[in-house]
Structures are given as C-alpha cells and as structure tokens.
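Listed here are the chains, written in short residue letters.
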Amino acid sequence: NAGVMQNPRHLVRRRGQEARLRCSPMKGHSHVYWYRQLPEEGLKFMVYLQKENIIDESGMPKERFSAEFPKEGPSILRIQQVVRGDSAAYFCASSPGTAVIVEQYFGPGTRLTVT
Amino acid sequence: KQEVTQIPAALSVPEGENLVLNCSFTDSAIYNLQWFRQDPGKGLTSLLLIQSSQREQTSGRLNASLDKSSGRSTLYIAASQPGDSATYLCAVRGGNQFYFGTGTSLTVIP
C-alpha cells in the first residue's frame, strides 16, 4: 500500500510563473490537507479538501493560491504569479475520514524555489 | 488561536542517554496530539498519536504523555541512538487542522 505521493519533489519557478503541486492520497483516503513550511518556521495549515469539495480554506492566502481535489486524479495546489516569498516546502496529508481521532499521513513534500 | 511551543529548540546528547522533549499548547480544547519525526529534506513520519481522552502512548523506546488540562505533552526517548537524530515535531488537532510547533532538533552523538 503506497503512502501519500507528492510530485514533483522539487520545483523551480521564476517570479511570475505558475506552480502546480500534486498530491495523491493513500489508497482508500478521501480527505486531503495541505500545509506549508516556510524556512525556519513550523508547518502551517492551508486547506482541507474532500473529493470535489473544499471543507476549510482558512489558511489559504486570499490571492494567487487555489486548491482542488477532483473526483478523479490527484489533489492540486496551484500558485499563480509566484513570488520569492512562496519559496517553501509544501506538504500534503491524507486521512480516511472526517473523524477527528484519525491520524493524518504525510507525503514527502514538494520543495518550491522561486528565483 | 492555538499556539504550540516546543522546548528546547535544539538538543545534543551522547548515545545511550534517556531524554525528554517538551511540547506546550495554549488551548486545551484539542481532539488529539501527534508526535512526528522529520529528517532533513524529508517528509513527516508519525511516531505516536494520543487521543484527548488518553494519558500516554508507548511505541518501542518512545513514550508520549499528555496532560490536556495543563496544555503539555512530553516525548520520552529511552537509550538514544545516533539514528534518532532528527527534528521532532508536536502537533495538536483542533477542528479541521493540526497546529504544529517549530520542533526540537535532536543530535545523538556516537
């Protein structure tokens, strides 16, 4: 049973370009969470999604950032017109359900560098 | 707003020592608390999950305790090994998300 998959593992973008980060949850998991880890800072929650539904996006920046989890395929975190401050590690986690007692399982992360 | 603090930020110990990592949180209304390990440039590996109704959890040389009323958790590592060197993160679940501390960077010296 493969764990949470994220790709690419490393992504380099120039300022103003778009970044697309992909997350495939563990088999049987229908809930996905995205977190961002800025240099020298802890992980910060960004968004929580179920298939075709955004449940909580309270941690998402108001502009340039969007996320989706379609019925088929991976969850996508999209950053438009990237700036240097977007350079960070972006982690995806998945869980099998909404029960708060369940664990979140984390992927290896995508390290975004904006030049 | 939940704030999670981990002390110390860095710790260096000789191999074989027992050690304790500390985590404190400001809002005791949590569902659970999870300890993770993060190796440089890698993702998070779950170590222990403690539900809010539990006091402690054990796995091998690791023991985690939770005192929800005082907003504290400790991770005890027995007989430390160089392979334990990593950053240890504490996260508390409130609502839809985990709130993370900034971690304790552990170095075990052979």
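This report concerns the structure included in the present document. The structure presented is a predicted model; accordingly, all values stated were derived computationally and were not measured.

## What to know about the state of the cysteines
Residue and element names in this part refer to chain A.
Next up, step 1: Within the structure shown, the criterion is met by two disulfides over all chains.
Next up, step 2: One disulfide bridge connects Cys23 with Cys92, the sulfur atoms lying 1.7 Å from each other. Disulfide Cys23-Cys92: torsion about the S-S bond near -45°, hence left-handed. Placement of the pair is Cys23 in strand S3 (residues 19-24) and Cys92 in strand S9 (residues 88-95), with a sequence separation of 69 residues. Both residues of the pair, Cys23 and Cys92, belong to the buried class.

## Concerning the packing of aromatic side chains
Next up, step 1: A full pass over the atoms with the stated rule returns nine aromatic pairs over all chains.
Next up, step 2: Ring geometry for Phe106(A) and Phe36(B): centres 5.2 Å apart, planes at 80°, overall edge-to-face. On the criterion of chain membership, the pair formed by Phe106(A) in strand S10 (residues 105-106) and Phe36(B) in strand S4 (residues 32-38) is interchain, its members lying in two chains. In this structure, Phe106(A) and Phe36(B) share a single accessibility class: buried.
Next up, step 3: Taking 6.5 Å as the distance between ring centres and 90° as the angle between the ring planes, the aromatic pair formed by Phe36(B) and Phe98(B) counts as edge-to-face. Of the two residues, Phe36(B) sits in strand S4 while Phe98(B) sits in strand S10 (residues 97-100), which places them 62 residues apart along the sequence.
Next up, step 4: Its relative accessible area of 1% is what places Phe36(B) among the buried residues.
Next up, step 5: Site record: aromatic cluster; members linked through ring pairs are Tyr35(A), Phe45(A), Phe106(A), Phe36(B), Phe98(B) and Phe100(B).
Next up, step 6: In this arrangement the basic side chain of Arg93(B) is found over the ring face of Phe98(B), its NZ or CZ atom lying 5.8 Å from the centre.

## Thoughts on the pairing of strand S5 (residues 44-51) of chain B
Next up, step 1: In terms of residue burial, S5(B) counts as a mostly covered element, since six of its eight residues are buried.
Next up, step 2: What sits between the antiparallel neighbours S4(B) and S5(B) is a turn of five residues, in which Gly41(B) has the positive phi angle 70°.

## Some points on the sheet that holds strand S1 (residues 5-7) of chain A
Residues and elements named next belong to chain A.
Next up, step 1: The strand order across the open sheet formed by four strands is S1-S3-S8-S7, and the pairing between neighbours is antiparallel. Edge strands, defined here as strands with exactly one partner in the open sheet, are S1 and strand S7 (65-68). Strand-to-strand, the axes of this sheet are offset by a mean angle of 15°, without reference to chain direction.
Next up, step 2: For S1 and S3, the ladder comprises three bridges, and the chain directions are antiparallel. The partner of Gln6 across the bridge, within S3, is Cys23.

## Overview of the side chain of Gln38(B)
Next up, step 1: Note on placement: Gln38(B) falls in strand S4.
Next up, step 2: Polar side-chain contacts of Gln38(B) include one of 3.2 Å to the side chain of Gln37(A).
Next up, step 3: A distance of 3.2 Å separates a polar atom in the side chain of Gln38(B) from the backbone oxygen of Lys42(B).
Next up, step 4: For Gln38(B), the residues in contact, after removing those within four places along its chain, are Gln37(A), Phe91(A), Arg111(A), Gly43(B), Leu44(B), Ala86(B), Thr87(B) and Leu89(B).

The rules behind these values
- Residues numbered from 1 in each chain as written.
- Chains lettered and ligands numbered in written order.
- Predicted model: local features only at pLDDT ≥ 70, side-chain atom pairs only at ≥ 80, totals over all residues.
- Heavy atoms only, no water.
- Disulfide = S-S within 2.5 Å.
- Helix = DSSP H or I, 4+ residues; strand = E, 2+ residues; numbered from the N terminus.
- Buried < 20%, exposed > 50% of the residue type's maximum accessible area, 1.4 Å probe, protein only.
- Phe/Tyr/Trp six-rings, centres within 6.5 Å; stacked < 30°, edge-to-face > 60°.
- Lys NZ or Arg CZ within 6 Å of the ring centre and 35° of its normal.
- Pairing = 2+ DSSP bridges.
- Axes fitted to C-alpha atoms, helices over the stretch in contact; angles between N-to-C directions.
- Polar contact = N/O pair within 3.5 Å; in protein donor to acceptor, adjacent residues only side chain to side chain.
- Contact = heavy atoms within 4.5 Å.

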